[in-house]
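# Descriptive structure summary
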Amino acid sequence: MNDPHIKIEYGDTPEKLHSQADEVIAYLVENLRKIDAISDKYTQINRQVYSKLSAIRDQLRLSGAVEKINPSYAAQTQRLEEQLSQGARVNGVRYLDEGAVRKEYWAQYDAAASVFCTEKLRAKGYYMSMALRNGKCSNRYAYLNSSCTLTISMKSARRAVVVAEYFMNDVPDLVHWDQFTLICDDGWYLDSVKYKHHEADRWKGIYV
């Protein structure tokens with residue numbers, strides 16, 4: 001695998017398995033980037049829906065307050081209530097509220113994860129953040145598109161452990177690690193994801 005953002009090390013992988021190890025890494029990276037793209041898409045949609053509906057809610061609160069003093073504002077209040085009930089349109093799709101965005105997001109995320117994750121891992125749930133960090137989407141695996149080292153340990157053709165070492169943009173001096181365990185059962189599947197924030201830390205299980 002040749003990627004300008006990723007340095008590959010083979011750890012305990014014997015040389016005869018290097019070619020297969022490259023395929024496993026490429027497969028893992030491809031699928032993690034796909035779910036990150038989904039997070040990116042729906043973070044942007046969620047931000048637009050929230051912004052549009054928040055503006056209507058603010059106007060509605062103001063109109064309702066003024067209406068108590070001046071009943072002639074009743075028509076405007078009713079119009080804003082109807083407008084809020086219709087939700088917000090983004091990219092040609094109407095979302096009634098932020099909950100509708102999350103529902104569609106989970107469906108898309110689950111569909112992507114089902115392709116390469118075991119049922120055991122999927123049962124743990126999925127990455128939940130759709131917030132923005134420093135003006136950018138805080139995608140779980142954004143480091144795959146910036147800079148990281150992936151070390152694969154693959155002693156057999158049935159199991160592989162890939163450890164990602166990377167820095168977070170908001171904490172540039174602190175190394176982070178993610179550990180991905182893949183198993184081969186009529187195809188490769190991600191079976192476990194763990195992380196730690198410093199070298200002496202213990203691995204902690206997490207969702208994909």
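As a convention, each chain's residues are numbered from 1 in the sequence order in which they are written. Residue-level local features of this predicted model are given only where pLDDT is at least 70; pairs of side-chain atoms are given and counted only at 80 or more, and the full residue set underlies all totals for whole chains, interfaces and linings. Calculation of side-chain values draws on the structure's entire complement of heavy atoms; hydrogens and water are dropped beforehand.

### Some remarks on the overall build of the chain
- For helices the rule is a DSSP run of H or I covering at least 4 residues; for strands it is a run of E covering at least 2, with both sets numbered from the N terminus onward. For the chain, the helix and strand inventory stands at 4 helices and 10 strands.
- Counting from the amino terminus, the chain carries its helices and strands in the arrangement β-α-α-β-β-α-α-β-β-β-β-β-β-β.
- On C-alpha atoms alone, the chain measures out to a radius of gyration of 23 Å, which is more than a quarter above the 17 Å that the 2.2 N^0.38 rule sets for 208 residues.
- By residue count, 39% of the 208 residues in the chain fall in the buried class.
- In the chain, 56% of the contacts between residues at least 6 apart in sequence involve partners at least 24 apart.
- Areas reported here follow the Shrake-Rupley algorithm with a probe of radius 1.4 Å; residue values treat only the protein chains shown as occluding. Roughly 11,900 Å² of accessible area belongs to the chain as shown, and the carbon and sulfur atoms make up 50% of that amount.
- Note on charges: Lys and Arg go in the positive column, Asp and Glu in the negative column, and His and the chain ends are not counted at all. Charge positions are represented by NZ for Lys, CZ for Arg, CG for Asp and CD for Glu. Side chains of the chain carry 28 positive and 27 negative charges; the gap between the two charge centres is 4 Å. As a reference, a globule follows 2.2 Å times the number of residues to the power 0.38, and the radius of gyration itself is taken over C-alpha atoms. A 1.4 Å probe rolled over the protein chains alone gives each residue an accessible area, and that area as a share of the maximum for its type sets the label: buried under 20%, exposed over 50%, partly exposed in between. We call two residues in contact when some of their heavy atoms are within 4.5 Å.

### A few points about the environment of L17
- With respect to the secondary-structure elements, L17 resides in the loop between strand 1 (6-9) and helix 1 (18-69).
- By relative accessible area, which is 11% here, L17 ends up buried.
- Each C-alpha atom of the pair L17 and S156 lies 7.8 Å from the other, and the pair is 139 residues apart in sequence.
- Apart from the residues within four sequence positions on either side, L17 is in contact with M154, K155 and S156.

### A closer look at the packing of aromatic side chains
- Any two rings among Phe, Tyr and Trp, with Trp reduced to its six-membered ring, count as a pair given centres within 6.5 Å; such a pair is stacked if its planes are under 30 degrees apart, edge-to-face if over 60, and tilted if neither. Counted according to the given criterion, the structure contains 6 aromatic pairs.
- For the ring pair Y141 and F180, a centre distance of 5.9 Å and an interplane angle of 55° mean the geometry is tilted. Remark: F180 occurs in strand 8 (residues 171-184) and Y141 occurs in the loop between strand 5 (136-137) and strand 6 (148-156); sequence separation between them is 39 residues.
- On the accessibility criterion, Y141 (1% relative accessible area) is buried.
- Taking the centre distance of 3.8 Å and the plane angle of 10° together, the rings of Y143 and Y166 count as stacked. With Y143 in the loop between strand 5 and strand 6 and Y166 in strand 7 (residues 159-168), this pair connects stretches of sequence that are 23 residues apart.

### So, the packing of helix 1 against helix 3 (residues 98-116)
- Helix axes use the C-alpha atoms of the stretch in contact, all axes being lines fitted to C-alpha atoms, and the angles between their N-to-C directions lie in the range 0 to 180 degrees. Across the interface, helix 1 lies against helix 3 with an axial gap of 9 Å and an inter-helix angle of 175°. Here helix 1 lies roughly antiparallel to helix 3, going by the angle between them.
- Gly is put with the polar residues, along with every residue not named as nonpolar or charged; the nonpolar set is Ala, Val, Leu, Ile, Met, Phe, Trp, Tyr, Cys and Pro, and the charged set is Asp, Glu, Lys and Arg. Across the contact of helix 1 with helix 3, the residue classes break down as 16 nonpolar, 4 polar and 3 charged. We call two directions roughly parallel when the angle between them is under 35 degrees, roughly antiparallel when it is over 145, roughly perpendicular when it lies between 65 and 115, and oblique otherwise.

### Description of the pairing of strand 1
- Of the two faces of strand 1, the one lined by I6 and I8 is fully buried and the one lined by K7 and E9 carries no buried residue.
- In terms of strand pairing, strand 1 meets strand 6 through 4 bridges, oriented parallel. Note on strand 6: the bridge partner recorded for E9 is T151. The pairing criterion for strands is at least two bridges between them, as found by DSSP.

### Some remarks on the pairing of strand 7
- Relative to strand 7, strand 6 is paired through 7 bridges, and the arrangement is antiparallel. Within the sheet, the bridge partner assigned to S156 lies in strand 7 and is R159.

### Digging into unusual backbone geometry
- For N91, which is not glycine, the phi dihedral falls at a positive 55°.
- Residue N91 is classed as exposed on the basis of its relative accessible area, which comes to 68%.
- In the Ramachandran plot, D186 falls in the positive-phi region, its phi being about 55° despite a non-glycine side chain.
- Residue placement: D186 occurs in the loop between strand 8 and strand 9 (188-196).

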